[in-house]
Amino acid sequence: MQLNQVFSSMRRWDAALGVGLLAVALVLTGCDSDDSGMDDEFDDPATTLTLAERVSNQDALSTLNTALGATGQAETLGSEDATFTVFAPSNAAFEPYDVDFLTRNTGLLSSVLDYHIVQGDALTADNLEDGQTLTTVQGDELEVTIDDEGNVFVEGAQVTTADVEATNGVAHVVDDVLLTNRTAAERLQVTSATEQLYQAIDNAGLADAFGNADNMWTTFAPNNAAFENADLSGFSDSEVQQILQYHVLDGVNSSADLVQLLSDNNGEVTVTTLQGEDVTITEQEDGTIVFNGGEATLNLDRVDQRASNGIIHQIDGLLIPPSFNQSVSYDLAAQSNDGDVAPDGVSGTVTFWEAGPDQTVVTLELDDGATNTNVAHPAHIHDSESGDIAIYLTPIDGSGGGGTSARLVDRPFSELAAFGGYVNIHESVENLGTVVSQGDIGANATGTRAAGLDLVDNPRSETYTLDANSNDGSVAPGGIPGSVEFLELTNSLTFVQVSLDTGNGATGANVSHPAHIHNGSAGSGGDIEYYLSPVDGSDTDARSGKLVDESYDTLVGFDGYVNVHESVANLGNVVSQGNIGANN
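About the criteria used
- Residues numbered from 1 in each chain as written.
- Predicted model: local features only at pLDDT ≥ 70, side-chain atom pairs only at ≥ 80, totals over all residues.
- Heavy atoms only, no water.
- Helix = DSSP H or I, 4+ residues; strand = E, 2+ residues; numbered from the N terminus.
- Buried < 20%, exposed > 50% of the residue type's maximum accessible area, 1.4 Å probe, protein only.
- Lys, Arg positive; Asp, Glu negative; His and termini not counted.
- Salt bridge = Lys/Arg side-chain N within 4 Å of Asp/Glu carboxyl O.
- Polar contact = N/O pair within 3.5 Å; in protein donor to acceptor, adjacent residues only side chain to side chain.
- Contact = heavy atoms within 4.5 Å.
- pLDDT = per-residue confidence, 0-100.
- Phe/Tyr/Trp six-rings, centres within 6.5 Å; stacked < 30°, edge-to-face > 60°.
- Lys NZ or Arg CZ within 6 Å of the ring centre and 35° of its normal.

Student: Looking at this structure, how should I read the side chain of D536?
Tutor: In this structure, D536 sits in strand β34 (residues 535-536). As a buried residue without a salt bridge, D536 has its nearest oppositely charged side chain in R407, at a separation of 7.4 Å. Within the structure, D536 has its side chain in polar contact with the backbone nitrogen of S538 (distance 2.8 Å). Contacts of D536, omitting those with residues within four sequence positions, involve P378, H380, Y392, P395, V429, V511 and S512.

Student: Explain the pattern of salt bridges to me, please; I cannot follow it from the model alone.
Tutor: Pairing between side chains becomes possible if they bear opposite charge and their charged atoms approach one another. What the rule picks out here adds up to nine salt bridges. Between R407 and D539 there is a salt bridge, with the nearest N and O atoms lying 2.8 Å from each other. Here D539 lies in the loop between β34 and β35 (543-548) and R407 lies in strand β24 (residues 404-409), a separation of 132 residues in the sequence. The exposure class of R407 is buried, given its relative accessible area of 3%. On the basis of relative accessibility, which here comes to 1%, the residue D539 falls in the buried class.

Student: Got a minute to help me understand the confidence of the model for the protein in this structure?
Tutor: Any residue range with low pLDDT should be treated as having predicted coordinates unsuitable for detailed reading. Put simply, the protein has an average pLDDT of 92, and 92% of its residues get 70 or more. Scored below 50 in pLDDT, residues 1-34 makes 56 contacts in the model with residues more than four places away or belonging to other chains.

Student: In this structure, what is going on with the packing of aromatic side chains? I would like to understand it.
Tutor: Centre distance and the angle of the planes are the two values used to describe a pair of aromatic rings. Summed over all chains, the structure comprises six aromatic pairs. Between F235 and F324 the ring centres are 6.2 Å apart and the planes differ by 35 degrees, which places this aromatic pair in the tilted class. With F235 in the loop between β9 (230-231) and α13 (237-245) and F324 in the loop between β16 (310-316) and β17 (326-334), this pair connects stretches of sequence that are 89 residues apart. Classification of F235 as buried rests on a relative accessible area of 8%. A cation over an aromatic ring shows up here: R411 above the ring of F419, its NZ or CZ 6.0 Å from the ring centre.

Below, the structure is given as structure tokens:
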């Protein structure tokens, strides 16, 4: 039975009884038994074969046979001058581990295999007792446990086939490689699923700490996929160290301990990590256990991986300390459509950038830049359950501006990163039924985690008035008043927001209103210096945003003005205008 099935079934039992039995179930099923795949001849006690020959004759022990051959230990187990008890990992037992790495490092492999061998006696199943300790050839001890049903475990690995007799001893097939005497660093290194974690630990100069016998730690170990879906290059070396330490608790906490903690705290517990900040662990209704609201999920099939200096539980996901500004990006796939503008669709990326405790900057970027069309492409975050628009994003100007836009959303980063939704980018406001790009986000997708914006401590802002500008257009001939705000984000990045004040929310137009910062003054005119983002005519907030790659001081000192136009197709009709920076 898988651990998640154990969690699920326990909920149907009396709560007081369920917690205790669940803890027991976690311990007993920490290493699920497999079909050993042994041939029928293993059941025949009469044999003239040595232990080495027994192993070499069994397809289900071929990995062990290869390992013994690589280290020369096959010769030892082929000798009849000594008697051995061997706890023999099956092929399935080796599957979670990097056997190629082990066979290239024969010194380590030899020591690992020696930990599976007891010399001096042929201990059959009848000779094994609960709580018994056996000294191995390697020198460390093995502990035998026997459950109420008579199942035998050695260092947590279950004996799946007992009493495989040979002329020089006996073997018991087990369903895991015995690594409990190895350090946490070694376990992470030889476990295939955590190779990238070990590499990160080594690169960060923490391998010695994870290998230190005095550091008795609980490690929530992100799997390789978690690192493949993360980009740590934007974090400093010190920050990467802290990220790794954020996955570690001081002391040894088994899965049973974790279950008890969750039970004692109504399904949610906050614990302090080695990095110093807290991580929140929650048991959800379906029995899954998540960290920080869903940043990572506990892999219930790979818990309680004991090491000589702690214990390891694998998780699906990477945890970022709450004090770190972070971002997460999701792919948007091109959508074939019946429109005239981009019938093959356009691909891109949507990124959530943490912008303080209660706000998130949402950016859109098309892979090939602007679409070179005379429309703006509106975009929205939709609720995946209802399909309704949950959040208006800022349209992308098809005529220029690099195919990007931004929106300052009044929702915490953690909320958006966990939101069950998707993003649609449309052909135009007029043709919302034509979707040119689409992608799942939040709870519906695995995004790429990365460093966030290096926000300034005390951001400055400046707002300039935009006057309604009479024009010959058909959308807003009387013009629309508004404003443009410069908000300092980082030392070299400014968020520019254009807002239109209709008095009734959206402009009601079936177009988006593009905007630009021009050189010179509104009275004299000048060329476009910076593309801003269009205001969606159907957006009730009537605002847009753009990340401008300039410092705040540069923009507030710029000699220029802002024009907001009727549409991309009708740039000659200016509906709103105002001087900024040095001209104001």
